[in-house]
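The chain contents come next:
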Amino acid sequence: MAYYGVKFWNEREVAEEQMLQVLQSEKILDTKEWSIIELEEGEMKLCNVKLKNDPELLVFWGEARKPTIQRLGN
C-alpha cells in the first residue's frame, strides 16, 4: 500500500536538489504550485495526520502556521 503524506528532508539543500524529481515521480506536471517550506517535526506530523493517507487530499500551509486541507478538484 502506498503512503501519502508530506515529503520530509533533513537539509534544505537536499530538498532543493530532489524536489523536482519527487514531483515528477508522482506525475505532478504543474510544479509551480509546489514549494519547499521549513516545518518543525510536530508541524509536519500534524500535516500527515490531517492528510489521512488519502491521495485525494492536498495540504496548504499558510501564515497562520497551521495546515489547511482541500480535496483535489475543489
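Residues numbered from 1 in each chain as written. Predicted model: local features only at pLDDT ≥ 70, side-chain atom pairs only at ≥ 80, totals over all residues. Heavy atoms only, no water.

What is the right way to read the pairing of strand β1 (residues 57-61) from this model?
Side chains on a regular strand alternate between the two faces of the sheet. Bridge analysis of β1 against strand β2 (residues 67-71) gives five bridges, and the strand direction is antiparallel. Within the sheet, the bridge partner assigned to W61 lies in β2 and is P67. Hairpin remark: β1 followed by β2, antiparallel, with five residues in the connecting loop; positive phi at R65, about 60 degrees. (Pairing = 2+ DSSP bridges. Helix = DSSP H or I, 4+ residues; strand = E, 2+ residues; numbered from the N terminus.)

Sorry if this is basic, but what is going on with unusual backbone geometry here?
Phi at K52 takes a positive value of approximately 55 degrees, unusual for a residue other than glycine. Among the secondary structure elements, K52 is positioned in the loop between α2 (41-51) and β1. Backbone geometry at N53 places phi at a positive 55 degrees, although glycine is not the residue there. Structurally, the position occupied by N53 is in the loop between α2 and β1.

Would you mind showing me how to read the environment of G5 here?
Position of G5 among the secondary structure elements: in the segment before α1 (12-25). Contacts of G5, omitting those with residues within four sequence positions, involve N48 and L51. (Contact = heavy atoms within 4.5 Å.)

Before we go on, may I ask you to explain α2 in this structure?
Of all the residues in α2, the buried ones are E43, M44, C47, N48 and L51. Projected down its long axis, α2 shows its buried positions confined to an angular sector of 140 degrees, all on one face. The outward face of α2, more than 90 degrees from its buried face, is lined by the exposed residues E41 and V49. Buried positions along α2 lie against β1 and β2. (Buried < 20%, exposed > 50% of the residue type's maximum accessible area, 1.4 Å probe, protein only. Arc of directions from axis to C-beta.)

Treat this as a map of the structure, not an account of what it does.
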